[in-house]
Structures are given as structure tokens and as C-alpha cells.
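Summary of structural features
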There are 2 protein chains.
Amino acid sequence: MTKPVRIGIIGLGTVGSGVVRLLVESADHIQRHAGCPIVVAKAVVKDVAKVRSVSVPIDTLSSDIRNISGDPTISVAVLLVGGLEPARSMMVELLQNGKDVVTANKALLAEHGPELFALARTQGRSIAFEAAVAGGIPIVAAISECLAANRIESIRGILNGTSNFILTRMEEDGSSYADALKLAQSKGFAEADPSMDVDGTDATQKLAILSHLAFGVWVPWAEIPRMGIDGLDVDLLHYAGELGYRIRLVAVASRGSAGLTMRVAPALVKIGTPLAETRGAYNAVSIVGDAVGRMFFHGLGAGQMPTASAVVADIIDTVVGRAAITFRTTGVLCDPDANADRIQNMDAHQRHFLRIRASDRPGVLAKITGILGDFRISIASMIQHDAIEQGASIAPDAGVPLVIMTHACSSSDVAKAIEAIDGSDVVRGRSVCLSVLDERAE
Amino acid sequence: MTKPVRIGIIGLGTVGSGVVRLLVESADHIQRHAGCPIVVAKAVVKDVAKVRSVSVPIDTLSSDIRNISGDPTISVAVLLVGGLEPARSMMVELLQNGKDVVTANKALLAEHGPELFALARTQGRSIAFEAAVAGGIPIVAAISECLAANRIESIRGILNGTSNFILTRMEEDGSSYADALKLAQSKGFAEADPSMDVDGTDATQKLAILSHLAFGVWVPWAEIPRMGIDGLDVDLLHYAGELGYRIRLVAVASRGSAGLTMRVAPALVKIGTPLAETRGAYNAVSIVGDAVGRMFFHGLGAGQMPTASAVVADIIDTVVGRAAITFRTTGVLCDPDANADRIQNMDAHQRHFLRIRASDRPGVLAKITGILGDFRISIASMIQHDAIEQGASIAPDAGVPLVIMTHACSSSDVAKAIEAIDGSDVVRGRSVCLSVLDERAE
């Protein structure tokens, strides 16, 4: 029998336990793909005494990373610790000690990707990170290997399962944002502190990583315009539905003549299109390549076993040597000019969905539509329901919701118009403005 | 500059020309992924004198495969000749002369896969064939690399773009089968002789290849139950639509306790589900893995540049050495027991869609429903339109179309019932029976 490959795992939380389970339960099958058995020789955890759902021999457990980094019989380290520190120091320690690393930590790569990739390169090691973006969907492999012959033109994705779960529950059950969030937490789709998910940070970090691979451009994630779902309410989803749309937290990166445009924000997507039909904790990615055209991927973007599936695929890739080749040859990850191309906040020409809380008195509609007209914004459709019939969901001082779908127009004109409207005396509270994705481009 | 890798291309038809174009036009980009330039050193064609849309230096062209197989400076051969012979002999010649081969020829692999894979293995060479199935969709890489940690439970796919284009035109334009086929031919989506596409052969060959990768079971494609779209008429699509379904040519392989079930046939898929929303020349594949859950891929399944995209990705994989590793470690391709597991024609328990051409006289409906009842088949819904209003589309001797959607029932019971009905005196012509895919499983 071929000699087993010994690996070390750092972190036995949800994903780590799933990885161990998969390596044990599907050992025969995995051996067929890896060409040799893969065994977990060492595991490093914060608290060795903690009772775990997965059984790991007690003598393999320790709380010191050096038990893995210093073990010459271990060639592959699987870093499944979240957050920036101590994850970053651990990865540096592992690479400096000649380990190939597999990780699912997207925050770490989005924050410190270039320096970690450079260190791995210097050390002649690889970092594999399929599980860091879109869980079980093999989007990293798709972009860096399968679509290698293409110039990528655009990426559109639903990259945060928590947000999508919440939006789907609000849309299908009419739940409030708070109730849908609570349900997501009780089902394990959202953490106790969900802020990184619902404020768009998580999706933005994933978009930064995918764009690095697809466009060879490193954009610090914090520079990418970002809006989460935490400011949405169920009425907005309801109005979008009346107009034939759903609201999704969409991450977009597209290359135009003026540069790269990137954005994460809730947007309207036409019912029946792939992104609109992505429900619950699913993720979806739509990529356009110049040769292949539009490619669409859909699958579970999070959760124990889908993420473990991606981690174990990366372990196999590393063991057989594919990861080393990909990491070495994928020039985009180590191009010193990768951040030469600057991000452009291009003025998008598209339809916009507006909700304005108008005062309920004569002349208000004329004033609002007048302002829109001043900024060359023409109205495609409008909804104003009878305020009295709206019932309890509208507080008496919240104004009358006026919902407008514009024809395609400049997003900067819309922003200026909204500023003028919100600064006038005809509205109560701030307006909401969401962009509408062009369905032909989906 | 890194030394260029010299490759040979056999066949400069649609796909071959696309490959040359992509290698030239995206040379910089491809070099970033391959780590070196890739140049077409030799091309072998049937007719050297033929005028081509792609410019290849005349001194690289010949009609003799030995100009590639015998050239020690060429390491990778791209075989883009269709059909079985001379493609098979060419592949043998190339492998025997130590070339790694990239091909898009699914018929060749479906017919001679095991012997060619074994030869490549003996010679220490690789065969890469991403482009053989579903064009630009990276489904071969997904199954053999990205989902390597999973036991695949099922595959469902729309694998023939020609059939899907024809069905979509019939459905959306109300075209007859013959007119939709003519349109497909005029747009280049169907060949002059479309029989391999419309009779299901092409999809069946692709299913055999995917199943080999996914289940490690080699099933000769001709043993897979198969029905094409060539027996369908626009009325069937219309009735399916009335019931909330579309008809798609679906290839299914699923592993159950009793073995592997495989089938290619037109089936009803609920409107709104991913397969139903796959239109035109697009392909789609839905895979269920035990760890990753359901994964869905959608993209252009044929056409010059999508196929060239997959071929060039395989060329890059071969040049950098990934293809060699994948071919060597993917045990399923060289397992002598791969065909030990026998295909089972399992009796599926599902809904069925029946169209019976009933005689237009009293008592007929009672007799038909009586026969269905005898076979324990219960009716979920039924359509019978007024024969006179049907107008010209129904020939006077064709009977009155009676359309029945059954509740879930045994497919062998349905087959027996249809045999009894068609053998009785109450029908004119043969009935059509299509299965209805379970939407929860999509």
C-alpha cells in the first residue's frame, strides 16, 4: 500500500470537524483520488479539554501550532481558524516551516493575501483556498484553471448565504428583518454576531479574492463600495415583488474600458433569472469570459459539509501536487503590477428602484417628480398605495411610501436627485435607492 | 523568456480554428496561466489546400499525422477530429509516440475510452477531455477534481445543445419539429445530419463519460436506455406547458441501493426549476454529492469559442503538468473493476405524462381510465380539448388527444398499461409516455 500522507489540522470547529469526518468516512474514496491514504496526524485547538462532536485520538491533539509546524513528517497544514489573528501568525509560521497550507479563511486572504502569497512563493509552498469563497462551489478552480483561456469580463455573485437566507425568509414569509435574522441564527446560518455577514463585509472580502484571481487586480476590500442588507425592511421586498423583482445582496465586478468596477449592495433582480431564483443559504456565481460566454454556478455556499468538501478537495490537490503547480503558474497571484489597474467608481447607467417616504399632502408628488425630471430621470412605473389601507406597518410620522422604478439613468444623477429630495420639506426620513441589474446581462 | 511549448493540432474545423484563434489572440493571458508561451508548431488537416477562416502558416500544415506524432519537439497533441475513425487510430499513434493528448471527441471516448485510457497509462501519457462533455462547462474538472471528496449520488443534465435549441424554439415559437430543426441547422446549432443529436446518442455518450468519472463504472453507451426528441411534436410541449411543465432532453444517472440507473429521454421538468429554465443552445448539469449537496452548472454546451475555451484550458493543464497528475491519480479511469457494478433498469416510482390518441366515441374514456386503474395508476390531472376547436393540427384519423398526468406510480406498470391501451380498439396511433422529474430532486 502507498505510504499515507500525514496532515495537520488547526481548528476543530464546525468546518474542521467536518473535514475530519469526511477524511475518515470517505477514506477509501478519497484515497482513489489522492493516490494514497490521507491521515490527520496532528490537530491543534485552543482548548484541548473541550468535548467535540468528532473523535480525534487524544494524543494527536495539542494547543501549540509548533506541534504541526515543527513536525517534519507533516507536509500539509489545514488552517481552519477564522479571523485575522492568530490565523495570520499561524499561516506565516506554517509557511516558514515549509508546510503547504489549505485554508477557508477569507478574511485573512482578503486582508493579507498579497503578503501571504508572496511568502508562500518565496518558500516554494502553496496556499489553496477553494473553501474561502462560495463554500462547495468550485469557483476558485473555475476561474484560475478551467477558464484560464478566457479574459474574464464580469463576475456577479450571491456570495453570502446568511444574507440570502434572511432575504428569502423576509420575501417568502413576510418576516421582519429582525425575525428572519433570529431564525437564521437558530438554524445555524448566522453567527451570534452577524454583522460581518449582514453589513456586506463577508461578500466584499470574497469579491476581492475572486477579482484578484479573475482580473489580476488586488483591491483592498475596504475600498470596495459596500452596502449590506441590514438597512432593508420587508416592505421594500414586497414592493420589488409587485414590480416583478426580488432583492438580493449582489457582489459585482466588471471590467470596462475605464477600468474595473466593483460593488456589493442589495439590488433588484428580475424574477425568473438565475440570481433571483437563488434562495435560502445557497450561493450563486455568474461569470462572463470572452471565449466561454456566460457560465453560471449554484450550490451551497456555507455549512459544515459543503465547506469540508472544498477543503478536502484542496487537501487532495495539495497532496497530489496540483495545488503547487496552480499556485506557481497562476501568475496573477504574484504579479507585482497586480494593483496597477485602479478601481473606478464608474457611473452606471441602469434602472433604479426608489422608495421615498413622502409627506401626505397636496403638491408633494409634483415636487418629487419635478426634482427627478430636473436630473433627467424618467419614471418607468410607480406604486403608491392608499396610506390608510397600509395598516399598522406604517408609523404615522413615516410618510406615505412612494415607490418608483426609473428608466435607465445615471446612478450619479439619481444620487443627486435623492439628495435633493431628502433635503426638501416633502419627505419624512431617508429615501432608499437600489440599482436594478440588467437581466440581459445575467 | 521561458521557452515556448510546441503543440500540434489535428483538425482545423470549427473548434480547431477557434483553438488557434484563442491561442493567438489571448497569447499573453494564456502565457500567464501556462507559465510559458504555447505555439501551434504543426497542424494536420484532411485537405491542405482548403481555404480557412483562421490563418495558420502554410509550412505548419500537412495531411500526415506523422508530422506531429514523429516530431520530438512536440509534446502535446490536440485531436479535434470527430467520429471514430481515423480519430481512434490517430490517438493510438499519438500516444504510442509519447504525446499527451487533448481531445473534444466524445464519441471516441464513449466507444473506446477504457482501451485508450489504458494505453495512455501504459505509455505514461495523459488524455484530457473537458471539451468532450458540455462544452465550456468545466464539468469533467468538477467531478474528477473539485468534488473528489464526495461520493456522487446523482447526475442530471441537459447535455445536447442541439436538442435543447429545437425544444426551446418549438416551445416559445410554436414551431413544428421540422421547422425548428431547419432553424437550428441554419444557425449552425445542428449539423446537416442531425441524427446523433436528436436521437439522444450524443447525450448518451456524454452521460457514459460523466458516469465513468463520477461512479467509476464503465457502461457502454449503447446499453443505456435512450429516447431522443425526434418523436416529439409541438402539441406535446403545449400540453406540458398547460400543466406547468417544459419538456427537456434529460440525461440521468443515479446510484441507488440496487445499483446505477441511467437513462436519456425527454422528460417533463417543472417551470421555474433550473433545468426547465435552461434554454436554447445552453447545457446544464446538476450533481448531488454526499458532502457538497446539490451543485448546479449552466453554460454554453457547444459552439466554437466555448468549446475552444475548454480545449485551451486542457492544453494549459497538460503543459503545466496538472493533467498528468489528474490522469494518474484519478483511479476511476484505470480501475479494472470499473465495470463490475452492473447497470440496473430500476423501476422508477414517479409521475408520468401520457398522451393517448383516443377514438372520438362514447365509452372510450371509461375504457382507458379502467385500464389505468387495473395497473394501479391514479390520475392527477387530465386535459381533453374539444376536438373541433383543435383545428387543422389534428388529422381526422389521429383521434382525440387525451393528456393525462398520473400521480407517482411504477414506470413498469405504466409501460404495461400503455401497451394494453395501445393494443385496444379505443386508440388511433401510439401513445406517448414521458416521465416527470421530481422537482424536489432538481
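Residues numbered from 1 in each chain as written. Chains lettered and ligands numbered in written order. Predicted model: local features only at pLDDT ≥ 70, side-chain atom pairs only at ≥ 80, totals over all residues.

A look at the overall build of chain A
Check the secondary structure of chain A and you find 15 helices and 17 strands. Computed over its C-alpha atoms, the radius of gyration of chain A comes to 24 Å, within 12% of the 22 Å expected for a compact globule of 442 residues. A principal-axis box enclosing the C-alpha atoms of chain A has dimensions of 85 × 45 × 35 Å. When the 442 residues of chain A are sorted by exposure, 54% land in the buried category. When contacts within chain A are restricted to residue pairs at least 6 apart in sequence, long-range pairs at least 24 apart make up 75% of them. (Helix = DSSP H or I, 4+ residues; strand = E, 2+ residues; numbered from the N terminus. Rg over C-alpha atoms; globule rule 2.2 N^0.38 Å. Buried ≥ 20, exposed ≤ 12 C-beta atoms within 10 Å, placed from the backbone. Contact = placed C-beta atoms within 7 Å.)

A word on the interface of chain A and chain B
Each partner contributes residues to the interface: chain A has 48 residues there, and chain B has 48 residues. Listing elements by their share of the side of chain A that touches chain B, those giving two or more residues are helix 2 (27-34), helix 6 (139-146), strand 11 (293-300), helix 12 (304-320) and helix 13 (322-329) of chain A. A total of 9 residues in the side of chain A that touches chain B trace back to one element, the largest contributor, which is helix 12 of chain A. The residue makeup of the side of chain A that touches chain B, split by class, is 26 nonpolar, 16 polar and 6 charged. Pairing geometry for strand 11 of chain A and strand 11 (residues 293-300) of chain B, over 3 bridges, is antiparallel. Within strand 11 of chain B, the residue paired with A:F297 across the bridge is B:F297. (Nonpolar A, V, L, I, M, F, W, Y, C, P; charged D, E, K, R; others polar. Pairing = 2+ DSSP bridges.)

Notes on the relation of the copies chain A and chain B
At an RMSD of 0.1 Å, chain A and chain B line up after a rotation of 180 degrees and a shift of 0.0 Å along the axis. The transformation relating the two chain copies, once decomposed into turn and shift, fits a two-fold axis. Residues of chain A ranked by C-alpha distance from the rotation axis are headed by A:F297, positioned 2.4 Å from it. By residue overlap, the copies meet face to face through one surface: 100% of the interface positions of chain A are interface positions in chain B. (Least-squares fit on C-alpha atoms with pLDDT ≥ 70 in both.)

Structural notes on the environment of B:R169
Residues and elements named next belong to chain B. By the secondary structure assignment, R169 is in helix 7 (residues 161-173). A count of 24 C-beta atoms within 10 Å places R169 in the buried class. Expressed as a C-alpha distance, the spacing of R169 and L181, which sit 12 residues apart in the sequence, is 9.0 Å. Sequence-distant contacts of R169, defined by excluding residues within four places in its chain, comprise S175, A180 and L183.

So, the domain arrangement of chain A
Residue and element names in this part refer to chain A. Its domain assignment divides chain A into domain 1 (5-132), domain 2 (150-300) and domain 3 (349-441). In this structure, domain 1 and domain 2 have C-alpha centres spaced 29 Å apart. With 7 residues of domain 1 in contact, the opposing surface of domain 2 contributes 7 residues. (Domains from an automatic or database assignment.)

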